[in-house]
Every structure is written in structure tokens, then in C-alpha cells.
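Here is what each chain is made of, one letter per residue.
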Amino acid sequence: DDINSSTYTGGRATLLWQASDALSVSLMLLKQEVEVDALTLADFVSGGYELSAFASERFSSMGDHQNYEGSSLTVEYDLDWATLVSSSNWSQFNGGTAFPLDVYVPTWASYSVIHDERDVFTQEIRLVSSDDGPLQYVAGLYYEDFDAMDGPVSLEWTGSQEAFEAANLGSDLQFSRGGGEIKGEQFSVFGEVTY
């Protein structure tokens, strides 16, 4: 039970307002949650394809969760000779995961818990030619503002002191790393002309 399964829940809704023959406004809302149960992992060091994931209730309850919310507002206006488009997007993500560290140590006796968050806003405005002539073009502006939290990583060793030291991880049976915030902005001008 509670192994190798995942549950996705969420939905998406879109609302379109056709203000006139030339102007349309579209709003999209999206939400999704993912719950992932523990994985069946084999401990090859022990031999015999032993599924050590079932050896501990703590390990068998490992999994991760992810929550995503997004919205998008698109405005289009037909100028006859070109189409002007504005696209605004907001997204928010947060998630956490717990997993064993048998990739780094010779026995599965340690696990890690990681949590991270991201908030992103993007804005794009572009002009796209709609003339039937041989000259075609696209021109626009793009802006992005993001704020990400590289969450704290906590590690706990659940094996023996001797096995921990044999893995050259030191002598402290619990160790962690604090998280950090990453902020950024970017702006660009883009365009393309074809004939």
C-alpha cells in the first residue's frame, strides 16, 4: 500500500469575452495538486534484490507533493494590417519531496527532505503583421519577474554511527543546509522580418 502511486487533482477554466469584431479578451485559470507516494527501491548492497523500502515505516511513507497555480490574461486587437497581442501570465509553484540518499552512501540509512517555491510573472506584447504582401514581420517586448525560494534541505541518518563514518560523511548524524532566495528580472526586445 502507498507505494508507486500518484494522485493528480486540479482543473482549468477559460473565459472568453469577444468585446467586438476586432477586440477579444481571454482569461485562463489553472490549478493542479500532485501527491506521489513512496517508490519501490531495491538495496543492491544487501543483495538478493531486497526491497529495503519496506524495511521502515518512515521510508515507505516517503513521497512528494507539488502544488501549481497559474493564470493567463490575453488581449488581442485586430488592426487590419496587423494584430496586437498582450499576454500576461502569473504562476506559483510550491513542492516538497523526501527521498533516500542511497545514491551517495553505501547503505540506505539516510534520507533528505527538500522544499522549494517559485513565483513568476511574465508580460509579452507583440505586433504580428497580417497583410497579404510579401513583407511579414513580428516585433515585441518581453518582461519576466521571478522570485524563487531554494528551500532548506534537511538530512537525517538513520543507520549506525560506524556506517555513517564509513561513508565519509563526518560524525554528526544530522545535518542540514539553509535555503536561499533567488530574485531576478529580465527584459528583451525581439523582432523578425521576412520577405
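Each chain has its residues counted from 1, running along the sequence as written. The predicted origin of the model limits local features to residues at a pLDDT of at least 70 and limits the giving and counting of side-chain atom pairs to 80 or more, whereas totals for whole chains, interfaces and linings rest on all residues. Heavy atoms from the whole structure form the basis of all side-chain values; hydrogens and water molecules are not counted.

Focus: the overall build of the chain
So the rule is basically this: Secondary structure elements follow DSSP: runs of H or I no shorter than four residues count as helices, runs of E no shorter than two count as strands, and numbering proceeds from the N terminus. The buried label goes to any residue with under 20% of its type's maximum accessible area, the exposed label to any with over 50%, and the partly exposed label to all in between, with areas taken from a 1.4 Å probe on protein chains only. Note on contacts: a residue pair qualifies if any of its non-hydrogen atoms lie within 4.5 Å across the two residues.
Within the chain, the regular secondary structure consists of two helices and eight strands. Taking all 195 residues of the chain together, the buried fraction comes to 22%. Contacts in the chain between residues far apart in sequence, at least 24 positions, make up 64% of those at least 6 positions apart.

Some points on unusual backbone geometry
A positive phi is found at Asp80, a non-glycine position, where the angle reads about 75°. Its relative accessible area of 65% is what places Asp80 among the exposed residues.

Description of the packing of aromatic side chains
Applied cut-off: Only rings of Phe, Tyr and Trp enter the pairing, Trp through its six-membered ring, and a pair is recorded when the two centres are within 6.5 Å. The plane angle decides the type: under 30 degrees is stacked, over 60 is edge-to-face, the rest tilted.
Evaluation of the coordinates by the stated rule reveals two aromatic pairs. Members of the aromatic cluster, joined through ring pairs, are Trp90, Phe121 and Tyr143.

Observations concerning the pairing of strand β1 (residues 6-18)
Using the following cut-off: For two strands to pair, DSSP has to find at least two bridges joining them.
Of all 13 residues that make up β1, zero are buried, and the element is exposed over most of its length. Relative to strand β2 (residues 23-36), β1 runs antiparallel, the two sharing 13 bridges. Bridge pairing in β2 links Leu16 to Ser26. Counting the residues that bridge the hairpin from β1 to β2 gives four residues.

Observations concerning the side chain of Glu144
As a reminder of what qualifies: Two N or O atoms form a polar contact when they lie within 3.5 Å of each other; inside protein one atom must be a possible hydrogen donor and the other a possible acceptor, and for residues adjacent in sequence the pair counts only when both atoms belong to side chains.
Examined against the element boundaries, Glu144 turns out to sit in strand β6 (residues 136-157). Of the polar contacts made by the side chain of Glu144, one reaches the side chain of Gln186; its length is 2.5 Å. Among all residues touching Glu144, those that are not within four sequence positions of it are Val120, Phe121, Thr122, Gly184, Glu185 and Gln186.

With respect to a nonpolar patch on the surface
This is how the line gets drawn: Here the term patch refers to residues with relative accessible area over 30% and no salt bridge, with like charges joined within 9 Å and nonpolar side chains (Val, Leu, Ile, Met, Phe, Trp, Tyr) within 5 Å. Using the Shrake-Rupley algorithm and a 1.4 Å probe, accessible areas are obtained, with residue cover drawn only from the displayed protein chains. In what follows, salt bridge is the name for a side-chain nitrogen of Lys or Arg lying within 4 Å of a carboxyl oxygen of Asp or Glu.
Judged by side-chain polarity, Tyr77, Leu84, Ile125, Leu141, Phe187 and Val189 come together as a nonpolar surface patch covering roughly 570 Å² of accessible area. Position of Leu84 relative to the elements: it lies in strand β4 (residues 82-100).

Overview of the environment of Arg12
Looking at the element boundaries, Arg12 is found in strand β1. Owing to a relative accessible area of 67%, Arg12 belongs among the exposed residues under this scheme. Separated by 18 residues in sequence, Arg12 and Leu30 have C-alpha atoms that sit 4.4 Å apart.

Here we look at the pattern of salt bridges
Scanning the model with the defined rule gives five salt bridges in all. In this structure, Lys31 engages Glu33 in a salt bridge whose closest nitrogen and oxygen atoms are separated by 3.7 Å. Within the structure, one salt-bridge network assembled from shared partners comprises Lys31, Glu33 and Glu69.

Observations regarding the environment of Asp37
Within the secondary structure, Asp37 is located in the loop between β2 and α1 (57-60). Taking the C-alpha atoms as reference points, Asp37 and His65, 28 residues apart in sequence, are found 8.8 Å from one another.

Here we look at the environment of Asn67
Within the fold, Asn67 resides in strand β3 (residues 64-78). When the C-alpha atoms of Asn67 and Gln92 are compared, they prove to be 8.1 Å apart, with 25 residues separating the residues in sequence. If near-sequence neighbours (up to four positions away) are discounted, Asn67 is found in contact with Gln32, Glu33, Gln92, Phe93 and Asn94.

Regarding the confidence of the model for the chain
Filter applied, for reference: pLDDT is a per-residue confidence score from the predictor, ranging from 0 to 100.
The predicted model of the chain averages 79 in pLDDT, with 62% of residues at 70 or higher. The least confident element of the chain is α1, whose mean pLDDT is 46; the most confident is β1, at 94.

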